[in-house]
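Close look at the chain arrangement
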2 protein chains.
Amino acid sequence: MPTSADVARLAGVSRATVSYVLNNTTAVRISEPTRRRVREAAEELGYVPHAAARSLRAGHSRMVLMPTPHIPAGPLYSHFLNELQWALRRLDYTVVQHGSVGMSGDEAARAWAELRPVAVLAPGAGTLGPRGVNVLKRSGAKAVLTLGPERVEGAHALLMDQREVGHCAGAHLLSGGRRSIGVIMPAEAGFETFSAPRLEGVRAAAEGTGARVVPLGLAYDEQDAAELAARWPDLGLDAVFAYNDEYAMLLMRALQDAGTGIPGDTAVMGADDLLIGRLLRPRLSTVHLEMPSGQLLAEFVDRVVRDPGGAPEVHHLLGSTAVPRDST
Amino acid sequence: MPTSADVARLAGVSRATVSYVLNNTTAVRISEPTRRRVREAAEELGYVPHAAARSLRAGHSRMVLMPTPHIPAGPLYSHFLNELQWALRRLDYTVVQHGSVGMSGDEAARAWAELRPVAVLAPGAGTLGPRGVNVLKRSGAKAVLTLGPERVEGAHALLMDQREVGHCAGAHLLSGGRRSIGVIMPAEAGFETFSAPRLEGVRAAAEGTGARVVPLGLAYDEQDAAELAARWPDLGLDAVFAYNDEYAMLLMRALQDAGTGIPGDTAVMGADDLLIGRLLRPRLSTVHLEMPSGQLLAEFVDRVVRDPGGAPEVHHLLGSTAVPRDST
DNA sequence: TTGAAAGCGATACCAT
DNA sequence: ATGGTATCGCTTTCAA
């Protein structure tokens, strides 16, 4: 692997000159012929600078580290992430996702800190805690932000408040005259961070109306859904908020197969406004989530990196709107 | 940010000793009291080693770089990736995903090479070409592997042969007596790498049977599906392989709404064997994909890293099986 | 058992 | 306009 010294030797100049040329340093003037010789030498050797060496010398990097979320990202979130990465690269950051499955919060923060990222954009509050934030800041991270349902002490928060989603759904169901609302809680690990606040939101909407709110565990498979559907009549519910469109589809099918009328006997509401909801019969009512613009977020990150002094900011990013269709 | 020198000062020892203690170097014996002092000092200062400095000195890293695929990963692939990352970490690698949207192949390879990863696991053949492989190898990557439908000169190939998927679907449809097979080609960018070989597979299955194979563009939205369904009778098809279960769901709904009987008039087949397919009526026939074990793959990566000399290997990883249900 | 020092690759200051 | 060189944080011989 060729180094800048190799390039220098081949071009017959010093390593300093190589650095000046390849980085287009403006503070120093290099003659055109020299520039050409250096460029050609670099090209010929297939020289690629060593990021670690560079950032060691510079004392900082342009790496934005994004820990991979623990639950698989849906299409909505994937799209948002893509946009964000693209926008960050345009601002000349190197975006890197770090898989941290099976690490405790502090372990994870340490692992991230070892890479000395200039910014960390952590999903949810799953892994990162106040101690982790501290470790990261002390390791030189200029911006530590969380992106998810909760805020974390010391970090900027880009709140995607899941309670709003639940509130939206709850309010819609109540406005349709429903009085007993089931709320699906996915049994799969890692969903609590989202499902708990959604449940809370439904509860908040029901507050004072005298309506009943009942959490219901459900695994994402046919059999569990069938079992739930079998005891549905006993539950005495006239509505259900199914966590999201996929669980809604699962439950709706099971309920229909068990003879429960939708929306007659029970109203079903999803969330995320996926295309599949529109393909169901009856068409699935849902909560549409307005994801934040990746562009805007990237600019926020950049602002914090450039001026790290400020107090942690809290931004609310998620817009929720009920989309009534035929299942409610 | 504290350095090992700070720890040394606080513990009243040399930097060398700090390194020995924190890395549990066995070649050298440090007294227990000293170890304790060093550990306590490191703890107190919140010392986190600097990965860049370490790998600069060592001349190599333990970073496995995985460029993010250009199309959003489905649940199948996400799960597989998680497993792989987990297995790699158990082998003491640091797994990092690098988003490379909007970079040309060679640009991307350079960006990856700057990080001096010990291994690169590139999806598909989307970005990486033979030149890129070369750049990576010369930058010190011990293992360069591609994970997807095509192989790339110079790199090990973990082939997930999409033609098999198409072949499976085609063979199943033909065995049911179908003679005119439509094949859905997603209109969204980035899907060609998967849809083209799947189409090829259907063609191969039809080879010599006299059956007709017709590619059909389809965007993932209701309107486009409705338009396709409207001209369906004119197409004279008695079967369709819908690329995957999601497109199948979309198309099936549109066909049913337009009055086409399934499977009477047209057999519909998906792929991926997602749960949603089982929830449809009629239940969707599909192609089940057996994803490779992340554990096995991690071991392969590790083997190549330890013994980089060997010739590029080609492994076929995808097992496809037709799952007949009610839509065919 | 511990410390001094060389060196990994790149950069930026200070000379020339 | 260009070159010499100290420096970033860490590991690892070699000496003591």
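Residues numbered from 1 in each chain as written. Chains lettered and ligands numbered in written order. Predicted model: local features only at pLDDT ≥ 70, side-chain atom pairs only at ≥ 80, totals over all residues. Heavy atoms only, no water.

In this section: the overall build of chain A. Secondary structure summary: chain A contains 14 helices and twelve strands in total. In terms of overall size, chain A is more extended than a compact globule, its C-alpha atoms giving a radius of gyration of 26 Å where 328 residues would be expected to give roughly 20 Å. Counting only C-alpha atoms, chain A reaches 85 × 40 × 30 Å along its principal axes. Per-residue burial for chain A yields a buried fraction of 53% across its 328 residues. Of the contacts formed within chain A by residues at least 6 apart in sequence, a portion of 72% connects residues at least 24 apart. Counting every atom, chain A has about 14200 Å² of accessible surface; 50% of that belongs to carbon and sulfur. Positive and negative side-chain charges of chain A, numbering 33 and 36 respectively, have mean locations separated by a distance of 11 Å. (Helix = DSSP H or I, 4+ residues; strand = E, 2+ residues; numbered from the N terminus. Rg over C-alpha atoms; globule rule 2.2 N^0.38 Å. Buried < 20%, exposed > 50% of the residue type's maximum accessible area, 1.4 Å probe, protein only. Contact = heavy atoms within 4.5 Å. Areas by Shrake-Rupley, 256 points an atom, 1.4 Å probe, with all protein chains shown as cover. Lys, Arg positive; Asp, Glu negative; His and termini not counted. Charge placed at Lys NZ, Arg CZ, Asp CG, Glu CD.)

It is worth spelling out the packing of aromatic side chains at this point. By the definition in use, this model includes ten aromatic pairs over all chains. Ring geometry for B:Y243 and B:Y247: centres 5.8 Å apart, planes at 85°, overall edge-to-face. Overall, the relative accessible area of 5% leaves B:Y243 in the buried class. On the accessibility criterion, B:Y247 (4% relative accessible area) is buried. The structure contains a cluster of three or more aromatic residues connected by ring pairs, namely A:F191, A:Y220, A:Y243 and A:Y247. The aromatic ring of A:Y93 is capped on one face by A:R62, whose charged end is 3.9 Å from the ring centroid. (Phe/Tyr/Trp six-rings, centres within 6.5 Å; stacked < 30°, edge-to-face > 60°. Lys NZ or Arg CZ within 6 Å of the ring centre and 35° of its normal.)

Time to look at the relation of the copies chain A and chain B. When chain A is fitted onto chain B, the two copies agree to an RMSD of 0.1 Å after a turn of 180° and an axial shift of 0.1 Å. Both copies of the chain, as the preceding transformation shows, are related through a two-fold rotation axis. (Least-squares fit on C-alpha atoms with pLDDT ≥ 70 in both.)

The next point concerns the nonpolar core. One finds A:I184 and B:I184 to be the most contacted residues of the largest nonpolar core, which totals 59 residues. Excluding residues that lie within four positions of it along the chain, B:I184 makes contacts with B:L216, B:L218, B:L228, B:V240, B:F241, B:A242, B:Y243, B:Y247 and B:L251. B:V118, B:A239, B:F241 and B:A298 belong to the second-largest nonpolar core, a separate cluster that totals 48 residues. (Core = buried A, V, L, I, M, F, W, Y, C linked by side-chain atoms within 4.5 Å.)

With that out of the way, let us pick up the interface of chain A and chain B. Quoted interface sizes are often the accessible area lost when the parts come together. Taken together, the contact pairs 53 residues of chain A with 52 residues of chain B. Here chain A meets chain B over a buried area of about 4900 Å², counting both sides, of which 58% is carbon and sulfur. Applying the counting criterion to the chain A and chain B interface returns 21 residue pairs in polar contact (both at pLDDT 80 or more). Those elements that place two or more of their residues in the side of chain A that touches chain B are α4 (51-58), α5 (75-90), β2 (94-98), α6 (105-114), α7 (130-138), α12 (245-257) and α13 (275-279) of chain A. Residues belonging to the side of chain A that touches chain B are distributed by class as follows: 26 nonpolar, 15 polar and twelve charged. As judged from the three bridges shared by β2(A) and strand β2 (residues 94-98) of chain B, these two strands associate in the antiparallel manner. (Buried area = accessible area lost by both parts, 1.4 Å probe. Polar contact = N/O pair within 3.5 Å; in protein donor to acceptor, adjacent residues only side chain to side chain. Nonpolar A, V, L, I, M, F, W, Y, C, P; charged D, E, K, R; others polar. Pairing = 2+ DSSP bridges.)

All names here are of chain B. Pairing is parallel across the open sheet formed by four strands, whose spatial order is β7-β6-β8-β9. Sheet topology places β7 (212-218) and β9 (267-269) at the edges, where each strand pairs with a single neighbour. Averaged over all neighbouring strand pairs, the angle between strand axes comes to 20°, with direction disregarded. Sheet topology places strand β6 (residues 180-186) next to strand β8 (residues 239-241); three bridges connect them, and they run parallel. From the neighbouring strand, I181 faces β8, where its bridge partner is A239. On top of the sheet, helix α8 (residues 162-175) reaches β6, β8 and β9; it is set at about 165° to β8, its chief contact. Along the sheet face, helix α12 (residues 245-257) touches β6, β7, β8 and β9 and points at about 160° away from the line of β9. (Axes fitted to C-alpha atoms, helices over the stretch in contact; angles between N-to-C directions.)

Residues and elements named next belong to chain B. Two elements in contact, helix α2 (residues 15-22) and helix α3 (residues 32-45), have axes whose closest approach is 10 Å; the angle formed by their N-to-C orientations is 90°. Overall, the two elements α2 and α3 adopt an arrangement that is roughly perpendicular. Of the residues in α3, those touching α2 at T17, V18, V21 and L22 are T34, R35, V38, R39 and A42. Tallied by class, the residues present in the contact of α2 with α3 amount to five nonpolar, two polar and two charged. (Parallel < 35°, antiparallel > 145°, perpendicular 65-115°, else oblique.)

Attention shifts here to the domain arrangement of chain A. All names here are of chain A. Partitioning chain A into structural domains gives domain 1 (4-49), domain 2 (58-159 + 292-318) and domain 3 (163-289). The gap between the C-alpha centroids of domain 2 and domain 3 is 32 Å. Taken together, the contact pairs six residues of domain 2 with ten residues of domain 3. Of the roughly 700 Å² buried between domain 2 and domain 3, counting both surfaces, carbon and sulfur atoms make up 84%. When the buried area of domain 2 at its contact with domain 3 is split by residue, I71, L76 and L318 rank highest and sum to 64% of it. Counting across the domain 2 and domain 3 interface gives zero salt bridges. At the surface where domain 2 touches domain 3, the tally comes to zero residue pairs in polar contact (both at pLDDT 80 or more). Split by residue class, the side of domain 2 that touches domain 3 holds five nonpolar, no polar and one charged. (Domains from an automatic or database assignment. Salt bridge = Lys/Arg side-chain N within 4 Å of Asp/Glu carboxyl O.)

On to the protein's contact with DNA strand C, then. Close to DNA strand C lie 27 residues, the nearest being A:S4, A:Y20, A:Y47, A:R57 and B:T34. Near the protein, within 4 Å, the atoms of DNA strand C are sugar or phosphate in 58% of cases. At 2.9 Å, a side-chain N or O of A:R54 approaches a phosphate oxygen of DNA strand C. B:S14 is positioned such that a nitrogen or oxygen atom in its backbone is 2.7 Å from a phosphate oxygen of DNA strand C. For the surface near DNA strand C, the secondary structure elements donating two or more residues are α2 (15-22) and α4 of chain A together with α2 and α4 (51-58) of chain B. Residue composition of the surface near DNA strand C, by class: twelve nonpolar, ten polar and five charged. (Near = heavy atom within 4 Å.)

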